[in-house]
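The lines below spell out each chain.
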Amino acid sequence: MDRTVIDALNWRYAVKQFDADATIEPEKLAMLIESARLSPSSAGLQPYRLVVVETREMRERLAPHSMMNAEKIKSASSLLVLAIYSQLSAETFQTHLNNMAAHGLIPALSEDEAAERYKRFMTRMPQENDFRQWAHKQAYLALGTLLCAAAMLGIDACPMEGFDAKEYDTMLGLSALGLTSSVILAVGKRSPQDPGQHKTKYRRASSVFVLKK
Ligand SMILES: Cc1cc2nc3c(=O)[nH]c(=O)nc-3n(C[C@H](O)[C@H](O)[C@H](O)COP(=O)(O)O)c2cc1C
């Protein structure tokens, strides 16, 4: 029988110990990265970028700033960092509208119309923090897409919030690009020694989880 999405989601778990000698095939990693690029986002704005940390050297440098996750980061094959835009400039917004228009998705807009759209968009998010919260939500949606795609591709993964975003931003040069780390995902191959793979997956029962109206 073909592997279904449910089989894949039952197979996956948050890996605590990766096989440090194993690497993901480049074609599979490329597909995983593509899944994040194809992830939907509010208004299609994709207010984030995906940082792919492939070198062991950089992972070793990030590990001490990763709280309880240091060993996972060192033994993983790659580390993916979803980094959100720290703010949304009028220029970025306008470029997005121009790209949408170039793809025939919206009518072409004059500069004034685009400026008006930006103003309207930002009035819904009056504070800088509101924009960031919104952007984090979009990044987490991409994380969900990545987790599901990784499971389908047979790639092991561990999503993590336990890291020092400020240190990551500095070490990866993200601040200079107007980005800030949101959430990270270590990917690789589970170690045969990782006890997590033998544990029962616990989720609330469907009868409790689903509320039928
Ligand atoms: C957003 C997010 C952040 C997480 N952060 C961490 C983390 O920092 N370290 C860790 O070991 N696991 C982390 N996890 C893994 C969760 O603890 C795990 O997914 C949850 O307990 C369910 O178990 P399962 O994924 O093995 O099915 C995180 C998961 C998510 C979705």
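This report concerns the structure included in the present document. (Residues numbered from 1 in each chain as written. Predicted model: local features only at pLDDT ≥ 70, side-chain atom pairs only at ≥ 80, totals over all residues. Heavy atoms only, no water.)

### Re the overall build of the protein
Part 1 of the argument: Within the protein, the regular secondary structure consists of nine helices and four strands.
Part 2 of the argument: Dimensions of the protein along its principal axes, counting C-alpha atoms only, are 60 × 50 × 30 Å.
Part 3 of the argument: Expressed as a percentage of its 213 residues, the buried residues of the protein come to 40%.
Part 4 of the argument: Partitioning the intrachain contacts of the protein with sequence separation of at least 6 by distance along the chain shows that 80% fall at a separation of at least 24.
Part 5 of the argument: Total accessible area on the protein is roughly 12700 Å²; 54% of this is exposed by carbon and sulfur atoms.
Part 6 of the argument: Here the protein carries 26 positive and 24 negative side-chain charges, and the mean point of each set is 8 Å from the other. (Helix = DSSP H or I, 4+ residues; strand = E, 2+ residues; numbered from the N terminus. Buried < 20%, exposed > 50% of the residue type's maximum accessible area, 1.4 Å probe, protein only. Contact = heavy atoms within 4.5 Å. Areas by Shrake-Rupley, 256 points an atom, 1.4 Å probe, with all protein chains shown as cover. Lys, Arg positive; Asp, Glu negative; His and termini not counted. Charge placed at Lys NZ, Arg CZ, Asp CG, Glu CD.)

### Let's talk about unusual backbone geometry
Part 1 of the argument: Even without being glycine, Ala43 reaches a positive phi, approximately 60 degrees.
Part 2 of the argument: Locating Ala43 in the fold gives a position in the loop between helix H2 (26-37) and strand S1 (48-53).
Part 3 of the argument: Since its relative accessible area comes to 47%, Ala43 is described here as partly exposed.
Part 4 of the argument: Positive phi, normally seen in glycine, also occurs at Met67, with a value near 45 degrees.
Part 5 of the argument: Relative to the elements of secondary structure, Met67 occurs in the loop between helix H3 (56-62) and helix H4 (70-75).
Part 6 of the argument: In this structure Met67 comes out as exposed when scored by relative accessible area, which is 55%.

### Some points on the pattern of salt bridges
Part 1 of the argument: Considering all chains together, one arrives at three salt bridges under this definition.
Part 2 of the argument: A salt bridge links Glu34 to Arg37; its shortest N-O distance comes to 2.8 Å. Highlighted residues: Glu34 and Arg37, both in helix H2, separated by three residues, approximately one helical turn.
Part 3 of the argument: Judged by its relative accessible area of 53%, Arg37 falls in the exposed class.
Part 4 of the argument: Among the salt bridges present, the one from Glu71 reaches Lys74, with a minimum N-O distance of 3.5 Å. Taken together, the positions of Glu71 and Lys74, both in helix H4 and three residues apart, correspond to about one turn of that helix. (Salt bridge = Lys/Arg side-chain N within 4 Å of Asp/Glu carboxyl O.)

### Some thoughts on the packing of aromatic side chains
Part 1 of the argument: Within the structure shown, the criterion is met by five aromatic pairs.
Part 2 of the argument: For the ring pair Phe131 and Trp134, a centre distance of 5.8 Å and an interplane angle of 40 degrees mean the geometry is tilted. Here Trp134 and Phe131 lie together in helix H7 (residues 128-153), a separation of three residues that amounts to about one turn.
Part 3 of the argument: On the accessibility criterion, Trp134 (12% relative accessible area) is buried. (Phe/Tyr/Trp six-rings, centres within 6.5 Å; stacked < 30°, edge-to-face > 60°.)

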